[in-house]
Amino acid sequence: MTAPHLGSENSPRIAIIGGGISGLAAALWLTEQAPQVHLHVYEAADRVGGVLRTFRRDGYLLETSADNFLTNIPWGLGLCRRVGLEHDLLETNAAMRRALVIRRGKILPVPEGFSLLSPAKLWPMLASPILSPRGKLRLMAEPLIPARTDGPEESLAEFSVRRLGREAFERIVQPLVGGIYTADPEKLSVAATLPRFLEMEREHGSLTRGARRLASDSARKESGARYSLFVAPREGMESLVRAMAARLPNNCIRLNAETQRILPMEQGWKVQARGSPEEHFDGVLLALPAYHAAKLCQEWDDELSKDLNSIPYASSSVVVLGLRLDQIGVPLTGFGFVVPRQERRKILAASFGSLKFPGRAPEGHVLIRVFLGGACQPELADLPDAEQKRIVLDELRELLKVEGSPTFMEVLRWPRAMPQYHVGHVELVERIMRRANTHAGLALAGSGYEGVGVPHCIHHGERAAENLTRQLGARLAT
C-alpha cells in the first residue's frame, strides 16, 4: 500500500505532539477519515511507538513493555484489521492459559473462574490452598453482602475488602491488579480502573452472581469466538507500530523533534520544536504523558497545567532474562506469577513470555520478564542495573529453583511511565477535558486519562482526533 502524500498548503494543518500508540492512532484516524489534513507528528525520540518496542537477541524476541492486548475491548483488534495484521495475530497457548500466585514461597494457580475481582466458580476457591478456611467462608458470603448504592468513591482496597473480605483481597486481588497497574490499592480508584465490577454489583447485587452470568453468556458465544482473550502480533508489538506508521502520509513524522513550546494564537496555534523554526497549525493534539502536556500548557493555562500535573506516575523496571528449561527446578504451569505484598518480596510479578506465544525463545529455553518498582516500592526502580539483576536472580533461585546463570539478562527502565488512577481520577479527567475544550483546536490523548492498555490508548487517540475534526469541521468540509 502506497502512503498518501501531504495535503496542499491550503489544507487544515494539525500537529500531533507525541508518537506513541495514542499519537499514531490519532494520526492514522486522521489519514483515513480526513485525508485533506496537512499532518505533522512530532516525536522527541529517534523512533515512534513510545513504550512499545520489540527487538531480537540470541534467538529471543523481547518486548520492552506490553507483550499482548485484550480482544474483548474492540479497538486493538479493529486496528489490526485496518492495517493488515489480523492474520498475523497469535493466540495464547491454551495449555498454559492460567495465572499463578505466590503463597508462602510456593507457586500456586489462581483458582479457575476467578477474574481480578470476581469468582465465577466457588468450588475451585474452596479447593485452593491460597485462602484459609476463614478466608474461604468470607468469600462464600459475598452474595449475601448488600450492594452499595451511594456513598463516597471507593479505592480498590475498600471495594474488594467490602465485597470479598480482606484475605481474598490481600492474597488474590491485590497481586493480580498490582501486576497490571503497579499501583497502591489503597489509593487506586476502582471507578477509574475497573468500573465493570461496580456495574456488576449494581446490576446483579453480587460479584459472584454477576461473574456467573457473564461466564454463562460467554460460554454461549464461545463457539463463534475467533480469538482467545489475549493476542499478539507474530513479530511482536512493534510490528503494529510499524504498520501504523507505514500508512501515514510521507514525511509527516518528525523524529528527534522535542516540542518545546505551543502557543495559542487568535487563529490556530504556534508550535516550536527543538532545532526547527516555529510553525503554524489549525489544531494541536497532545498525545503525551500528562506531566509533559502540563509543561506545554503552563504558559497560557496555569489551571489546566496544574490539573495535568496532579496525575501521578509510577516508575518501574523490567528485568528480561533467558534461561534453559533444565535450569528451572519447578514445573512452569502458567503464563507467569504475581506476588502479594504480604509475601514481602522485592518483585511484583514475573511473566513467561515464551510460554504465552511461540517464537519468543530458542527451543529448550524460556524467556522471563520480571517487574520491580511501582508505586509501593519506588526505590527499587532506582537501583543500579547490577543490583536489580541480583535481586531478580535471588528471587528466581528461591521461587523457581533456578540454577546457574542466565543466557542473557537486561534491565529496561521506565521512569514515570505508568499513570496512577487514584480516587477522584474520573472527576479530575472530566475537569481536564472540559478545560481543554475551552481552547479551540486543542485535544488531549494518552494513557494518563481513561485506560492504560493498548486498546484504550488506541481508542483515546482516535477519539481525540475525531474531536479535532469536529472543531475544524467548517474547514474540513471544503
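Residues numbered from 1 in each chain as written. Predicted model: local features only at pLDDT ≥ 70, side-chain atom pairs only at ≥ 80, totals over all residues. Heavy atoms only, no water.

> Help me understand the packing of aromatic side chains in this model?
In this description, an aromatic ring pair is defined by two values, namely the gap between the centres and the angle between the planes. Overall, the coordinates contain five aromatic pairs when judged by the stated rule. On the numbers, 6.1 Å between centres and 85° between planes, the contact of tyrosine 42 with phenylalanine 281 is edge-to-face. Note that tyrosine 42 is positioned in strand E2 (residues 38–42) and phenylalanine 281 in strand E15 (residues 279–281), a separation of 239 residues in sequence. The pair tyrosine 42 / phenylalanine 281 is uniform in exposure class, with both members buried. Arranged with centres 5.1 Å apart and planes meeting at 70°, the rings of tryptophan 269 and tryptophan 300 form a pair that is edge-to-face. (Phe/Tyr/Trp six-rings, centres within 6.5 Å; stacked < 30°, edge-to-face > 60°. Helix = DSSP H or I, 4+ residues; strand = E, 2+ residues; numbered from the N terminus. Buried < 20%, exposed > 50% of the residue type's maximum accessible area, 1.4 Å probe, protein only.)

> Teacher, can you tell me more about the nonpolar core here?
Counting 42 residues, the largest nonpolar core has Ile16, Met244 and Leu285 as its most contacted members. Of all elements in the fold, only strand E1 (13–17), helix H1 (21–33), E2, helix H2 (74–82), helix H10 (238–246), strand E16 (283–287), strand E22 (442–445) and helix H18 (454–471) reach the threshold of two or more residues within this core. The greatest single-element share of this core, amounting to eight residues, is contributed by H1. Beyond its immediate sequence surroundings of up to four residues, leucine 285 is in contact with Ala15, Ile16, Ile17, Ala26, Ala443, Ala445, Gly461, Ala464, Ala465 and Leu468. Core analysis: the next-biggest nonpolar cluster, separate from the first, contains 33 residues, Leu108, Leu156, Leu194 and Leu207 among them. (Core = buried A, V, L, I, M, F, W, Y, C linked by side-chain atoms within 4.5 Å. Contact = heavy atoms within 4.5 Å.)

> Would you explain the sheet that holds strand E5 (residues 69–70) in this entry?
The strands making up a sheet are joined through hydrogen bonds of the backbone, oriented either antiparallel or parallel. Taking strand neighbours across the sheet as the criterion, the three strands line up as E5-E11-E6 in an open arrangement whose pairing is antiparallel. Each edge of the open sheet is held by one strand with a lone partner, namely E5 and strand E6 (89–91). Bridging between E5 and strand E11 (residues 230–233) involves two bridges; their strand directions are antiparallel. Each residue of the ladder has a partner; that of leucine 70, found in E11, is phenylalanine 230. (Pairing = 2+ DSSP bridges.)

> Looking at this model, I keep getting lost on helix H4 (residues 133–140). Mind explaining?
What sets the pattern is the α-helix's 3.6 residues per turn: residues three or four places apart point alike. Considered for burial, the residues of H4 that qualify are Gly135, Lys136 and Leu139. Taken down its axis, H4 places every buried residue within 100° of arc, on the same side. Those residues of H4 that are exposed and aimed more than 90 degrees away from the buried face are Pro133, Arg134 and Leu137. (Arc of directions from axis to C-beta.)

> Before we go on, may I ask you to explain helix H15 (residues 385–399) in this structure?
With 15 residues, H15 extends 21 Å from end C-alpha to end C-alpha; this agrees with the ideal 21 Å at 1.5 Å per step. Every buried residue of H15 is accounted for by Gln388, Ile391, Val392, Leu393, Glu395, Leu396 and Leu399. The first or second residue beyond H15 is lysine 401, which carries a positive phi of 55°. (Expected span 1.5 Å × (residues − 1).)

> Quick question: what am I supposed to make of the sheet that holds E1 here?
Read across the sheet, five strands follow the order E12-E2-E1-E16-E22 without closing on themselves; strand pairing throughout is parallel. Taken across any chain shown, the strands that pair with only one partner, and hence form the sheet edges, are strand E12 (253–254) and E22. Two elements, E16 and E22, share four bridges in a ladder whose sense is parallel. Note that in E22 the partner of leucine 286 across the bridge is leucine 444.

> Where do I start with the state of the cysteines in this structure?
Disulfide: a covalent bond connecting the sulfur atoms of a pair of cysteines. For the structure on display, the rule yields zero disulfides. Cysteine 80 carries a free sulfur, and the closest cysteine sulfur to it, the one in cysteine 457, is 14 Å from it. Judged by relative accessible area, cysteine 80 falls into the buried class, the value being 0%. Cysteine cysteine 252 is unpaired, with the sulfur of cysteine 457 as its nearest cysteine sulfur at 20 Å. Using a relative accessible area of 1% as the deciding quantity, one classes cysteine 252 as buried. (Disulfide = S-S within 2.5 Å.)

> Whenever I open this one, the side chain of arginine 345 confuses me. Can you help?
On the secondary structure map, arginine 345 appears in the loop between strand E18 (336–338) and strand E19 (349–352). A polar contact of 2.7 Å, which involves the side chain of arginine 345, links it to the side chain of glutamate 395. Once residues lying within four places of it in the same chain are set aside, the contact partners of arginine 345 are Ile102, Gly105, Val339, Gln377, Glu395, Glu398 and Leu399. (Polar contact = N/O pair within 3.5 Å; in protein donor to acceptor, adjacent residues only side chain to side chain.)

> What am I meant to see in the confidence of the model for the protein here?
Residue-level pLDDT values for the protein average 92, and 94% of them are 70 or greater. Ignoring residues within four places in sequence, the model shows residues 1–8, a span with pLDDT below 50, making 20 contacts including any to other chains. (pLDDT = per-residue confidence, 0-100.)

> I'm lost on the environment of cysteine 457 in this one. Help?
Summarising the element assignment, cysteine 457 is placed in helix H18. In this structure cysteine 457 comes out as buried when scored by relative accessible area, which is 5%. In sequence terms cysteine 457 and alanine 445 are 12 residues apart; their C-alpha atoms lie 7.7 Å from each other. If we ignore the near neighbours within four places in the chain, the residues touching cysteine 457 are Ile21, Ser22, Ser447, Gly451 and Val452.

> Please clarify how the environment of proline 406 should be interpreted in this entry.
Relative to the helices and strands, proline 406 is located in the loop between H15 and strand E21 (408–419). Here the alpha-carbon distance between proline 406 and glutamine 327, two residues 79 residues apart in the chain, equals 8.8 Å. Apart from residues lying up to four places away in sequence, proline 406 is in contact with Leu321, Gly322, Leu323 and Leu393.

> Honestly, the pairing of strand E20 (residues 365–373) in this entry has me stumped. Any pointers?
Looking along a regular strand, one sees side chains alternate from face to face of the sheet. The buried count for E20 comes to seven of nine residues, which makes it a mostly enclosed element. The pairing of strand E17 (residues 313–324) with E20 spans nine bridges and is classified as antiparallel. Residue pairing across strands places valine 319 opposite valine 370, the latter belonging to E20. In this structure, E19 lies alongside E20, joined through four bridges in antiparallel fashion. Bridge pairing in E20 links alanine 349 to phenylalanine 371.

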